[in-house]
Amino acid sequence: MAAAVANGDKGFEVPKLEIKFTKLFINGRFVDAVSGKTFETRDPRTGEVTARIAEGDKADVDLAVKAAREAFDHGPWPRMSGFQRGRILHKFADLVEQHTEELAALDTVDAGKLFAMGKAIDIPGGANLLRYYAGAADKIHGETLKMARPCHGYTLKEPVGVVGHIVPWNYPTTMFFFKVSPALAAGCTMVVKPAEQTPLSALFYAHLAKEAGVPDGVLNVVPGFGPTAGAAISSHMDIDKVSFTGSTEVGRLVMEAAAKSNLKPVSLELGGKSPVIVFDDADLDMAVSLVHMATYTNKVDLSDYPAVPSEIMCTSTICSKFSSILHINSAILQGEICVAGSRIYVQEGIYDAFVKKASEMAKKSVVGDPFNPRVHQGPQIDKDQYEKVLKYIDIGTREGATLVTGGKPCGENGYYIEPTIFTNEEMSIAQEEIFGPVMALMKFKTVEEAIQKANSTRYGLAAGIVTKNIDIANTVSRSIRAGAIWINCYLGFDPDAPFGGYKMSGFGKDMGMDALEKYLHTKAVVTPLYNTPWL
Amino acid sequence: MAARRAASSILSRRPIPRPVAASSIGESALLGAGSARGWLPGALHRFSSAPAAAAAAATEEPIQPPVDVKYTKLLINGNFVDAASGRTFATVDPRTGDVIAHVAEGDAEDINRAVAAARRAFDEGPWPRMTAYERCRVLLRFADLIEQHAEEIAALETWDGGKTLEQTRGMEVPMVARYMRYYAGWADKIHGLVVPADGPHHVQVLHEPIGVAGQIIPWNFPLLMFAWKVGPALACGNAVVLKTAEQTPLSALFVASLLHEAGLPEGVLNVVSGFGPTAGAALCSHMGVDKLAFTGSTGTGKIVLELAARSNLKPVTLELGGKSPFIVMDDADVDQAVELAHRALFFNQVCRYVHDVLRAIALLATSFDSFLWFVLEQGQCCCAGSRTFVHERVYDEFVEKSKARALNRVVGDPFRRGVEQGPQIDGEQFKKILRYVQSGVDSGATLVAGGDRAGSRGFYIQPTVFADVKDEMKIAQEEIFGPVQTILKFSTVEEVVRRANDSPYGLAAGVFTQRLDAANTMARALRVGTVWVNTYDVFDAAVPFGGYKMSGVGREKGVYSLRNYLQTKAVVTPIKDAAWL
């Protein structure tokens, strides 16, 4: 067996968790679905049902949009000052922090995320994002303009209106705040559809937002499925903007629905097949640790890997101080992250040594119950993903890639998979997004070749570069067609760093001041000037 | 009793035409009085110890302030310490002239200690090295603590500075918290540009904290000026040595202790109470200080700039005096214009409009003269609307209503509810203002209201209105910094723009009109740092504030304030085989 399994380990405590919120949150109240239907959300550790959740569909989305429309068109939210909105977001952040343990546990039972990482990273990271945008709410500036005629011109940055957010399951908390925080700061109202796999924390956040003072109707949460609730949002005539994070295939459907309805602007944060390029001059141990983290991230706890220098994860210092936002999370293995470094290019001089060390490190990973603090990697999110990952492993093997380690399910029940490494030149597992703990290792010779290979994908989300050479770092940074470049680190997420893809990885940025732009209209105001002393 | 001063102050050299019943206490206000020479080595100090004030109550027995004075020492390296010399000075209740407390008097040696502490905190300490988010959290906690201690802080500020409690509690203390939250939000959003190069180079700009900032704040808005100065400096990661005005040392010491409670590392903020010619001059001349920011009179501002030039060429931000025009067009709503003009001038001793917190905030300040508005406060505001230009068609009505408004103004103990205007800050200001009033009378302006002290004790002055003021009169040219409104008549937009701009100052202006075109034209034509159209004294955190001409250098508040506390470093390296340029 490639990795240690900690499923049988009982030496840790699973917090008692009461699921408080299972209904739709519309206009400030928790309500049943119009249809009365519910769906199950399951604990990926066991496959057992955690709760039955009200299942929103088109009728519920209509109600939510109506509430959001009213809140935007007539309510106080866009009419109060940015500072006042910021105060409410600060309060929201404080409440999130006060419920850190409970929220981390919700994400763990819902998404299989490591409990310790949720407490240390995801939940504090959500509070950090809220505070970042609380501080941004009173810093949304228009500009006065230099006109070509005797006119006075200026721009107004106005909230775009009612926003539809469609949020994925891999980082239920982080993605929720990626979307919701800047939209709230901008003065928008919104309807959020969390993933059907992970509705629990989003509903809890809706409750906390209300407690913090977000007016009714501003933030509505409608759990449900893509083809029903998601499609209703994308095609709704009264939604002014849709922000989606998920797969490239679904992103295409969202954009198509927007085009067919009211041409609402769309921003998409989609899939990736992000390269990590390791050059000959890299420190081998550091590079192996970094790649391991980059590939298996999302359900692995890096902090247990002393071999991983803290600088590797740009966020790790942050992480240790609870301020990071995101991702550090889990790094080892589940690979369920859109930026996973799933294509690893290693320069020929250190290739063999790299493969050997990477394999050793994968074998040392402890796979098991994410509540167990000894565990590095939790289960995949659900049965579909689990089976999809195993299918890709099978394809890799049949196409002739060399299976270096892993490749099998892990443990008796639940959706656990061994950390897996393939090597080869060309393989479809190096082209498609697997979203699982599968690393594809490939060899290259020159900088030009590395750039060419790294860019030979329809995705362009992120890339990692491991080198000590300043010229290589700078050249490759500009040459790779991707929205995030991490040099000698990976997952360099930060509230102030915009994130989003090139090519079919999407468009529009989350985080940073750039994210506000998604939720703002620019209006130019022009009037003639008479007897002006200057232009 | 004549208010003769033996001091060498520029002001005191003028003839003093009219008896004034007050006498000064203690040492004079260097910042407030605008003496230019006092700080230069070898110059005469203009301080004097005048006879103690005759102690008749202005209108009643003073209300006992609901606060204890906890901090009177210097704050250096996180500790409250005595002055190296062991000396203290008295800070005085402007309602009575009585001593509130004896405060450690910092001089050059204490400045040396404070700069050394700040230097260590910046060069070796955690403050510039922690994440901006952590700095942000400290400032947010500080804002929370200010709100928790709002009553005490407001009482101290009123006691020490004579501002009404309604203004300090209702407006200024909340504004300090608001400013701090504003700067906290900037801490993690300080962006440099990545710059396009002409050739194959990769160019980025780093905005680094500038180092140790020396800051000198005035007595007219001690807390707000603290926030304007300390907020952006700390958000950017700097260390600070702050010299407060000798008239108002108390509130800064109190809130600085709260800032440490909020988690500020030792040495990052040092507060030295003291006088301009000693502590202030030492700070300005110090070779270990990387930047200066000063708010006060134009005269003192010149000295600050000169001392910076003579020492290490440290960059200087100056927020100085003003003689701000308030222009009322013939289409203005006269009632509203009267009220705004009144508040624009009188702001800072009284504030009836406390609820209008955000707008009213005006800050105001220090050695400037001011507008009448909100203030009847005392007019002790740098951007006070101290030249009220009124269109000839509404002039008579305007004067009549301004008179009525001034006569209505409630002057009295600033701790008493309903009071609009408290005392002037000290005997020196008090006498200076009365000299200006006499000058107005002598030069032929029509005294419409006021013109004398109010009551027989403390530094209270009647709200005073002059009409028929001519441009060449001294009261139309110099900064009075008191509750004296001067009303001038004009006929056309071109004329009023020309006259309004005919001033060495350029701090602010008010324009009162319903005509869009006139408003736009004047907004561009007035050579001032702030134009308020149909409003006045709006001091939002995000709005930059500062002067043209001799009203100052640089801008405070808003994103612009960050520039004062950041260095700009360009980092350039070749880029090989660039995919694009």
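Basis of the calculations
- Residues numbered from 1 in each chain as written.
- Chains lettered and ligands numbered in written order.
- Predicted model: local features only at pLDDT ≥ 70, side-chain atom pairs only at ≥ 80, totals over all residues.
- Heavy atoms only, no water.
- UniProt positions renumbered as here; feature names shortened; annotations may be inferred.
- Helix = DSSP H or I, 4+ residues; strand = E, 2+ residues; numbered from the N terminus.
- Buried < 20%, exposed > 50% of the residue type's maximum accessible area, 1.4 Å probe, protein only.
- Contact = heavy atoms within 4.5 Å.
- Areas by Shrake-Rupley, 256 points an atom, 1.4 Å probe, with all protein chains shown as cover.
- Expected span 1.5 Å × (residues − 1).
- Pairing = 2+ DSSP bridges.
- Axes fitted to C-alpha atoms, helices over the stretch in contact; angles between N-to-C directions.
- Buried area = accessible area lost by both parts, 1.4 Å probe.
- Salt bridge = Lys/Arg side-chain N within 4 Å of Asp/Glu carboxyl O.
- Polar contact = N/O pair within 3.5 Å; in protein donor to acceptor, adjacent residues only side chain to side chain.
- Nonpolar A, V, L, I, M, F, W, Y, C, P; charged D, E, K, R; others polar.
- Phe/Tyr/Trp six-rings, centres within 6.5 Å; stacked < 30°, edge-to-face > 60°.
- Lys NZ or Arg CZ within 6 Å of the ring centre and 35° of its normal.
- pLDDT = per-residue confidence, 0-100.
- Parallel < 35°, antiparallel > 145°, perpendicular 65-115°, else oblique.
- Domains from an automatic or database assignment.

- As named in an unreviewed UniProt entry, chain B is Aldehyde dehydrogenase domain-containing protein, taken from Leersia perrieri.
- Checking UniProt for chain B, the heading Sequence similarities (unreviewed entry) contains the comment "Belongs to the aldehyde dehydrogenase family."

- Going by the annotation in an unreviewed UniProt entry, the name recorded for chain A is Aldehyde dehydrogenase 1, with Leersia perrieri given as the source organism.
- Recorded under Catalytic activity (unreviewed entry), the UniProt text for chain A is reproduced unchanged: "octanal + NADP(+) + H2O = octanoate + NADPH + 2 H(+)".
- Under the Sequence similarities (unreviewed entry) heading, UniProt states for chain A: "Belongs to the aldehyde dehydrogenase family."

**Focus on the overall build of chain A**
And step 1. Check the secondary structure of chain A and you find 15 helices and 23 strands.
And step 2. Residues counted as buried form 64% of the 535 residues belonging to chain A.
And step 3. The long-range fraction of contacts in chain A, counting pairs at least 24 apart against all pairs at least 6 apart in sequence, stands at 77%.
And step 4. Carbon and sulfur atoms make up 53% of the accessible area of chain A, which amounts to about 18700 Å² in all.

**Considering helix 7 (residues 226–234) of chain A**
One turn of an α-helix holds 3.6 residues; hence residues three or four places apart share an orientation.
And step 1. Taken together, the buried positions of helix 7 of chain A are occupied by A229(A), G230(A), A232(A), I233(A) and S234(A).
And step 2. In the core, the buried residues of helix 7 of chain A are packed alongside helix 1 (58–73), strand 7 (162–166), strand 8 (189–193), strand 10 (241–245) and helix 8 (248–260) of chain A.

**A closer look at helix 12 (residues 383–398) of chain A**
All names here are of chain A.
And step 1. Helix length check: helix 12, at 16 residues, gives a terminal C-alpha distance of 23 Å against a target of 22 Å (1.5 Å per residue), a fit within 8%.
And step 2. Where helix 12 is buried, its residues contact strand 16 (420–423) and strand 17 (438–444).
And step 3. Phi turns positive, to about 95 degrees, at G400, one or two residues after helix 12.

**Digging into the UniProt feature "active site" (unreviewed entry) in chain B**
Residue and element names in this part refer to chain B.
And step 1. The residues that UniProt annotates with the feature "active site" (unreviewed entry) are E319.
And step 2. Tracing the backbone through its elements, the reader meets E319 in strand 11 (residues 316–319).
And step 3. Of the residues examined, E319 reaches a relative accessible area of 2% and is grouped as buried.

**Quick notes on the sheet that holds strand 5 (residues 194–195) of chain B**
And step 1. Strand order in the open sheet formed by 3 strands is 5-6-22 (chain B), and the pairing between neighbours is antiparallel. In the strand order of this sheet, the two ends are held by strand 5 and strand 22 (566–574) of chain B, each with one partner.
And step 2. In the packing of helix 14 (residues 470–479) of chain A onto the sheet, the strands contacted are strand 6 (201–209) and strand 22 of chain B, and the crossing angle to strand 22 of chain B comes to about 95 degrees.

**Structural notes on unusual backbone geometry**
Residues and elements named next belong to chain B.
And step 1. In this structure, D468 takes a positive phi of about 55 degrees despite not being glycine.
And step 2. Although it is not a glycine, F481 adopts a positive phi angle of roughly 60 degrees.
And step 3. Inspection of the secondary structure puts F481 in the loop between strand 15 (464–467) and strand 16 (484–490).

**A short note on the interface of chain A and chain B**
And step 1. On the side of chain B, 31 residues touch chain A, which itself brings 35 residues to the contact.
And step 2. In total, chain A and chain B occlude about 3100 Å² of area from one another, counting both sides; carbon and sulfur atoms represent 53% of this.
And step 3. Looking at the side of chain A facing chain B, the largest losses of area belong to F83(A), K139(A) and R478(A), adding up to 23% of the total buried there.
And step 4. A salt bridge links K576(B) to D471(A), with the shortest nitrogen-to-oxygen separation between them at 2.8 Å.
And step 5. Inspection of the chain A/chain B interface yields 12 residue pairs in polar contact (both at pLDDT 80 or more).
And step 6. Those elements that place two or more of their residues in the side of chain A that touches chain B are helix 2 (82–98), helix 4 (115–136), strand 6 (151–159), helix 14 and strand 23 (520–528) of chain A.
And step 7. Residues that form the side of chain A that touches chain B fall into these classes: 13 nonpolar, 12 polar and 10 charged.

**Topic: the sheet that holds strand 14 (residues 446–449) of chain B**
All names here are of chain B.
And step 1. Pairing in this open sheet of 7 strands is mixed, and the strands run 14-15-16-13-12-18-19 from one edge to the other. Each edge of the open sheet is held by one strand with a lone partner, namely strand 14 and strand 19 (530–533). Put simply, the sheet's adjacent strands are angled 25 degrees from each other on average, direction ignored.
And step 2. Here 4 bridges tie strand 12 (residues 325–328) to strand 13 (residues 387–391), and the two strands are oriented parallel to one another. Counted as the bridge partner of I327 is F389 from strand 13.
And step 3. Sheet strands in contact with helix 14 (residues 493–501) are strand 12, strand 13 and strand 16, and its direction is about 140 degrees off that of strand 16.

**What to know about the pairing of strand 5 (residues 48–54) of chain A**
Residue and element names in this part refer to chain A.
And step 1. Two strands pair when backbone bridges link them, and strand 4 (residues 38–43) and strand 5 are joined in this way by 6 bridges, in the antiparallel orientation. Across the sheet, R42 pairs through a bridge with V49, a residue of strand 5.
And step 2. Linking strand 4 to strand 5, which pair antiparallel, is a turn of 4 residues; within it G47 sits at a positive phi near 80 degrees.

**Section: the packing of aromatic side chains**
And step 1. Taken as a whole and judged by the stated rule, the model has 31 aromatic pairs over all chains.
And step 2. On the basis of an interplanar angle of 65 degrees and a centroid distance of 5.7 Å, the ring pair of F92(A) and F177(A) is categorised as edge-to-face. In this pair, F92(A) sits in helix 2 while F177(A) sits in helix 5 (residues 172–186), placing the two residues 85 residues apart along the sequence. Across the pair, exposure class does not vary: F92(A) and F177(A) are buried alike.
And step 3. An aromatic cluster of at least three residues, connected via ring pairs, comprises Y179(B), W228(B), F326(B), F512(B), W532(B), Y536(B), F539(B) and F545(B).
And step 4. The side chain of K163(B) reaches across the aromatic face of F221(B), ending 3.6 Å from its centre.

**Overview of the confidence of the model for chain A**
And step 1. Mean pLDDT over chain A: 87, with 88% of residues reaching 70 or higher.
And step 2. Taken as a whole, residues 299–334 of chain A scores under 50 in pLDDT and shows 150 contacts with residues more than four places along the chain or in a different chain.

**Comments concerning the packing of helix 3 (residues 132–148) of chain B against helix 5 (residues 165–187) of chain B**
Residues and elements named next belong to chain B.
And step 1. The contact between helix 3 and helix 5 brings their axes to 8 Å, and the two run at 170 degrees. Classified by the interaxial angle, the pair formed by helix 3 and helix 5 is roughly antiparallel. Between helix 3 and helix 5, the residues in contact are A132, C136, L139, L140, F142, A143, D144, I146 and E147 and V173, V176, A177, M180, R181, Y183, A184 and A187, respectively.
And step 2. Considered class by class, the residues forming the contact of helix 3 with helix 5 number 14 nonpolar, no polar and 3 charged.

**A few points about the pattern of salt bridges**
Residues and elements named next belong to chain A.
And step 1. Applying the stated criterion across every chain, the model contains 56 salt bridges over all chains.
And step 2. Residue K58 pairs with D62 through a salt bridge whose shortest N-O separation is 3.2 Å. With K58 and D62 both in helix 1, this residue pair falls 4 residues apart, about one helical turn.
And step 3. For E360, the salt bridge is made with K356, and the minimal N-O distance between the two is 3.5 Å. On the criterion of helical spacing, the pair formed by E360 and K356 is a turn pair, its members being 4 residues apart in helix 11 (residues 348–364).

**Brief notes about the domain arrangement of chain B**
Residue and element names in this part refer to chain B.
And step 1. Partitioning chain B into domains gives domain 1 (74–321 + 559–567) and domain 2 (325–356 + 373–541).
And step 2. Using C-alpha coordinates to define each centre, domain 1 is positioned 30 Å away from domain 2.
And step 3. Between domain 1 and domain 2, the residue contacts involve 34 residues of the former and 37 residues of the latter.
And step 4. Per-residue buried area on domain 1 facing domain 2 is highest for R95, E166 and W219; these three make up 25% of the total on that side.
And step 5. Taken together, domain 1 and domain 2 are joined by 2 salt bridges.
And step 6. A salt bridge links D413 to R95; its shortest N-O distance comes to 2.8 Å.
And step 7. Applying the counting rule to domain 1 against domain 2 returns 5 residue pairs in polar contact (both at pLDDT 80 or more).

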